[in-house]
Structures are given as structure tokens and as C-alpha cells.
Amino acid sequence: MSEEPVLRSGPIEGTSRVLRELLRTPNFKKAVRMLISELDPENTALLVRTLMWEDPEFFLGLMGASPSIMNAGVEGSLEMVRQLSTFPPPLLAGFLAGIVERLDGELLGEAIGTTMALLIQLSDLGDESLAEASAGLYRGINRGLARSLTGDEEQGASEAVLEKLLPLFAFRVARLGEEAKREGSDTARMVKGLAEGIEDIARDNPDFMEGVVAPLVDAWRASLAGSSDGDDRGEVTP
């Protein structure tokens, strides 16, 4: 287990001290609520373009500090999730339902897709420094996943994820099966596309097919055989 980091003074620590006092002031909380109620997310793209192209040098300076900003955002999100986990689950579920239903799913999907397209473009460059940095980030993610799920960062993240998320995966698989059987659904099109590309994947990645796909196929084949046996038994009348 890694040692607790030594806290240091800085803008965020100072802001937390000021915010503690401001939150004790009713007028400040009233002003924040009014500001939030008037937010215009549809103009965020305009803000980003202005920030990037009005003064590119200033923007690049901000980008240079983006790892610290992103780390602060991740740390804040992690602590928020930790604190939310102390709430009673029914109360938390109702609270999150109200948040999720107001999120713009289409915009989120476009953001994820655009990011994936950019990452694919960068991966095609074969840049060694980027590959090395990405590998270090991946190792860190694995340690963090294992520590958060099991309390032991030495355990493999894949085993930890399987142990904790397999029940959720099993529930989702049932839903995916229903969606895949609906002709014309997104899931059906995705399955068709995967099936069409499987030969290319098998030809170009023999190690992946042997080490990953083959065991999974064997497991699915055994499950199908068991399901068929159960169906056959169900048809037999005493």
C-alpha cells in the first residue's frame, strides 16, 4: 500500500479554507444557486473556441498545466464518490436518477466517439514517447483499480474487475441478448459488424485469438451445451 501523500499549501488548499467560510454565509449560497440556474451549456463550444484561438500562446500555457488541473479534477471526483458511498443506497439511487435523466446522452456519446477517433489517429503515428507514457498511465490505472476494488494494489486489476463486476456484466448480457434479437437495433448492427470483422482479427492477431478468444468461445460453447441439455430435459415428460 502506498504511503499517504504529504499535503502542501497551494491555491486549492487556500480555496478550501475560503470556501469553508463562504459556505457559512447564506447570501453566498443563494448567489451560487442563482448562477447555477442560469448556466448555458449550449455556449460551451463558443467558450472553448475563444479560449483556444483568441490567444493561442495563453491557451498552450494552460494546456501545459492541464495534467495538474486534470489530476485535481480526478482527485475531487474520487473524493466525491467516496463520500456519496456513505449515503443510504435508496437515497443515493433516487438522487442519481434525477441527475442522469438531465444529462445529454447524445452529446456524451459524440464526445466519447470523437476522443476515440483522435486516440486512433495518434496510435497510428507509432510515437515511442507517447506509447511509453501511455503504458505508464495504464499501469497506474491497473494499480488504482485493484486497490479500490480489493484494497490490494498488488493484485491484478483484471482479476479484481472480474470479481466485482461479473454479476453486473451477467445482468447486462441478458439485456444485450434481448436487444440483439431485435432486427435493426444498434446492438444487432454492432454484433453483425463484429461478426464480419472476426476473420480479419483472427488472421492478424493469432496470439489474441488463442489466448483470449479461444477460452471465451469454449466457455460459451459449454454454456450453450448446458442450456440445450436443460431445454431437452424440459421437453421430456415423466
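Residues numbered from 1 in each chain as written. Predicted model: local features only at pLDDT ≥ 70, side-chain atom pairs only at ≥ 80, totals over all residues. Heavy atoms only, no water.

## Observations concerning the overall build of the chain
Okay, step 1: Tallying secondary structure elements over the chain gives 11 helices and zero strands in all.
Okay, step 2: Across the chain, helices and strands are ordered from the amino to the carboxyl terminus as α-α-α-α-α-α-α-α-α-α-α.
Okay, step 3: Buried positions account for 6% of the 238 residues belonging to the chain.
Okay, step 4: By sequence separation, contacts in the chain at least 24 residues apart represent 16% of the contacts at least 6 residues apart.
Okay, step 5: Counting only carbon and sulfur atoms, one obtains 63% of the accessible surface of the chain, whose full area is about 20600 Å². (Helix = DSSP H or I, 4+ residues; strand = E, 2+ residues; numbered from the N terminus. Buried < 20%, exposed > 50% of the residue type's maximum accessible area, 1.4 Å probe, protein only. Contact = heavy atoms within 4.5 Å. Areas by Shrake-Rupley, 256 points an atom, 1.4 Å probe, with all protein chains shown as cover.)

## As for the side chain of threonine 187
Okay, step 1: Inspection of the secondary structure puts threonine 187 in helix α10 (residues 186-204).
Okay, step 2: Classification of threonine 187 as buried rests on a relative accessible area of 11%.

## Let's talk about the packing of helix α4 (residues 56-64) against helix α5 (residues 66-84)
Okay, step 1: It is at 5 Å that the axes of α4 and α5 come closest, and there the two elements cross at 50 degrees. The angle between the axes of α4 and α5 places the two elements in the oblique class. For the pair α4 and α5, the contacting residues are Leu62, Met63 and Gly64 in the first and Ser66, Pro67 and Ile69 in the second.
Okay, step 2: Each residue belonging to the contact of α4 with α5 can be placed in one class, and the counts come to four nonpolar, two polar and no charged. (Axes fitted to C-alpha atoms, helices over the stretch in contact; angles between N-to-C directions. Parallel < 35°, antiparallel > 145°, perpendicular 65-115°, else oblique. Nonpolar A, V, L, I, M, F, W, Y, C, P; charged D, E, K, R; others polar.)

## Structural notes on the pattern of salt bridges
Okay, step 1: Taken as a whole, this structure holds six salt bridges when the rule is applied.
Okay, step 2: Arginine 203 is paired through a salt bridge with aspartate 204; the nearest N and O atoms lie 3.9 Å apart.
Okay, step 3: Of the charged contacts in the structure, one is a salt bridge between arginine 221 and aspartate 218, with a shortest N-O distance of 3.0 Å. Of the two residues, arginine 221 and aspartate 218 are both situated in helix α11 (residues 206-235); the distance of three residues between them amounts to about one turn of the helix.
Okay, step 4: For aspartate 218, a relative accessible area of 45% puts it in the partly exposed group. (Salt bridge = Lys/Arg side-chain N within 4 Å of Asp/Glu carboxyl O.)

## Let's talk about a nonpolar patch on the surface
Okay, step 1: Residues Ile198, Ile201, Phe208, Val212, Leu216 and Trp220 make up a contiguous nonpolar surface patch of roughly 540 Å² in combined accessible area.
Okay, step 2: Among the secondary structure elements, those contributing two or more residues to the nonpolar patch are α10 and α11.
Okay, step 3: No other element matches the four residues that α11 contributes to the nonpolar patch.
Okay, step 4: Mapped onto the fold, tryptophan 220 is located in helix α11. (Patch = residues over 30% accessible without salt bridge, like charges linked within 9 Å, V, L, I, M, F, W, Y side chains within 5 Å.)

## Some thoughts on the side chain of serine 185
Okay, step 1: Note that serine 185 resides in the loop between α9 (157-180) and α10.
Okay, step 2: Serine 185 sits in the buried class, given a relative accessible area of 6%.
Okay, step 3: A polar side-chain atom of serine 185 sits 2.6 Å from the main-chain carbonyl oxygen of glutamate 179.
Okay, step 4: Discounting chain neighbours no more than four positions away, the residues touching serine 185 are Glu179 and Ala180. (Polar contact = N/O pair within 3.5 Å; in protein donor to acceptor, adjacent residues only side chain to side chain.)

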